[in-house]
Amino acid sequence: MPRKGVGPLEAEVLDVLWDLSGWLTPGEVHDVLALRRDLAYTTVMTVLTNLWEKEILERRRDGRAYAYHPVQTREERTASTMSAALTSVENRPVVLTEFVGQLSAEDRAQLRRMLSKQ
Amino acid sequence: MIVVLAAISLMLAAMPGALRPMGRRLHPADWARGVATSFVAALVMWELTLLLIAAPVVLRAAGAHGLAAACARMAGRLVPGGRWVGWPAAAGAVILPWMVVTGVRRARSAQRILAEVALIGRRTTLAGRDVVVVDDERPVAVSVDAHGGVVVVSRALVEQLDPDQLAAVVRHELAHLEHRHHLLLQLAAAAEVSFGFLPGARSGVDGLRCAIERWADEDAAGSHECVRRSTRRALVEVAVGGLAVDAAAFGGLATVVERVAALDGPAPAPSGFRRLYTMAPIALFGLGAMFSAVLIVARMWFILSMPVHCPI
């Protein structure tokens, strides 16, 4: 199953949830985002629902509305995304400009021997 | 003429592999650009060749008999086979762009996932640069071309390297972003998928990937001996101290050894005259391909502009 990533607006909403921590309603998220940019309340609600459907957020009843909370911390999410990129790609060294790909144990031993001779 | 064009196209795809030993002596930026040009020309000319071979058969099947005859005449007698070659060529003309797209998509897949890291990762300053540090036990540094370009490094790498080495790694990744190396990687993947059947093409693709890494190495290392040493040490530390043993690096040990050896010496001088004679075969085949294509188009124009009653 393809990994469900997040877009720029979803990342902004996640930023708010991570920065403020705790459970936030769409209205509270909208209040914070409205300080930075012109954004409709319904847009924020849609983004939160999308993130919940992607299982990036969890939610619970808070009066008449839902309150949302990230399933993972920012650090956990970035680490798992990085890990997904490095392990799920069919041929990682071929598609990434990494500083250096992983060598096999045999290659590492050989490189160590070569360098020790210098 | 079309046979000549086909041969030239395949030569352009195989040539970077054959010339790789000479290419290593050039500045990696020059060699990477030369190989990329050769692959682009090979892909374009090979597609044109397949279209021209397929045209008579496909047009005849579509009922355009006059145009089909004109195309057959333009193709000349050297094109073998009629429909036995025409239909496979038509299939090839459709499959080739699909293969190119497949290669590019493969190269983009990891970048698509990493784009999220660029968006949500907490930015921090490392070695005076804006980077994202990710909590990962593998010593990894990657450049992500999405959202303005971000360098992502793992915590393991930060802990494993000293500040000078870390700065070299970050400069290496920034060089990838500055020179838009992800586009060259996509081209390499497209060439690999499209010309995988051709002996020598794979070596050319590996050579292009190695040149891209060496290009970034040289940008990071510059010409100061101590900086070159830091970059070299960082390369060795990450290669030797890699914690995960899940996959071989592209080209395996050979690539790392080539990069370490290059950093052991002085910074490469501008390629100058060497570039001329190393690239000469590629340039000659490229000119040959262009000349053939122009001749074919001119002949087509001539045939189509003949009076209608002229037997073709």
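For clarity, every value in this text was computed on a predicted model and none was experimentally measured. (Residues numbered from 1 in each chain as written. Chains lettered and ligands numbered in written order. Predicted model: local features only at pLDDT ≥ 70, side-chain atom pairs only at ≥ 80, totals over all residues.)

A. View of the overall build of chain A. On a plain count of helices and strands, chain A comes out with 6 helices and 2 strands. Shown N-terminal to C-terminal, the secondary structure of chain A runs as helices and strands in the order α-α-α-β-β-α-α-α. In chain A, which comprises 118 residues, the proportion classed as buried is 33%. Counting only contacts in chain A whose residues sit at least 6 apart along the sequence, the fraction spanning at least 24 positions is 39%. (Helix = DSSP H or I, 4+ residues; strand = E, 2+ residues; numbered from the N terminus. Buried ≥ 20, exposed ≤ 12 C-beta atoms within 10 Å, placed from the backbone. Contact = placed C-beta atoms within 7 Å.)

B. View of the overall build of chain B. Per the secondary structure count, chain B includes 12 helices and 4 strands. Across the 312 residues in chain B, those meeting the buried criterion constitute 49%. Contacts spanning at least 24 positions in sequence make up 76% of the contacts within chain B whose residues lie at least 6 apart.

C. Quick look at the nonpolar core. The biggest cluster of nonpolar side chains holds 117 residues, and the ones touching the most others in it are B:Leu12, B:Leu114, B:Val152 and B:Ala191. If you tally residues by element for this core, the top one is helix 3 (residues 28-61) of chain B, at 17 residues. (Core = buried A, V, L, I, M, F, W, Y, C linked by C-beta atoms within 7 Å.)

D. A look at the sheet that holds strand 2 (residues 129-134) of chain B. All names here are of chain B. Taken together, the 4 strands give an open sheet; going across it, the order is 1-2-4-3, and neighbouring strands pair in mixed fashion. Single-partner strands in this sheet number two, and they are strand 1 (123-126) and strand 3 (141-144). Averaged over neighbouring strand pairs, the angle between their axes works out to 40° when direction is ignored. When strand 1 meets strand 2, the two strands line up antiparallel, connected through 4 bridges. Note on strand 2: the bridge partner recorded for Arg 123 is Val 132. Its contacts with the sheet place helix 7 (residues 163-178) against strand 1, strand 2, strand 3 and strand 4 (150-154), and it is angled at close to 30° to strand 3. (Pairing = 2+ DSSP bridges. Axes fitted to C-alpha atoms, helices over the stretch in contact; angles between N-to-C directions.)

E. A look at helix 1 (residues 8-20) of chain A. Helix length check: helix 1 of chain A (13 residues) gives 19 Å between terminal C-alpha atoms against 18 Å at 1.5 Å per residue, within 8%. What helix 1 of chain A keeps buried is the set A:Glu10, A:Glu12, A:Val13, A:Leu14 and A:Leu17. Check the buried side of helix 1 of chain A and you find it contacts helix 2 (26-36), helix 3 (41-53) and strand 2 (65-70) of chain A together with helix 5 (83-120) of chain B. (Expected span 1.5 Å × (residues − 1).)

F. How the structure looks around the pairing of strand 1 (residues 57-62) of chain A. All names here are of chain A. Here 6 bridges tie strand 1 to strand 2, and the two strands are oriented antiparallel to one another. Looking across to strand 2, one finds that Leu 57 is bridged to Pro 70. Joining the antiparallel neighbours strand 1 and strand 2 is a turn of 2 residues, in which Gly 63 adopts a positive phi near 70°.

G. Region of the structure containing the environment of B:Ile282. Residue and element names in this part refer to chain B. Locating Ile 282 in the fold gives a position in helix 12 (residues 272-304). The class of Ile 282 is buried, set by 22 C-beta atoms lying within 10 Å. In contact with Ile 282, not counting residues within four places along its chain, are Leu 12, Met 15, Gly 34 and Ser 38.

The values are spatial; any link to function lies outside them.
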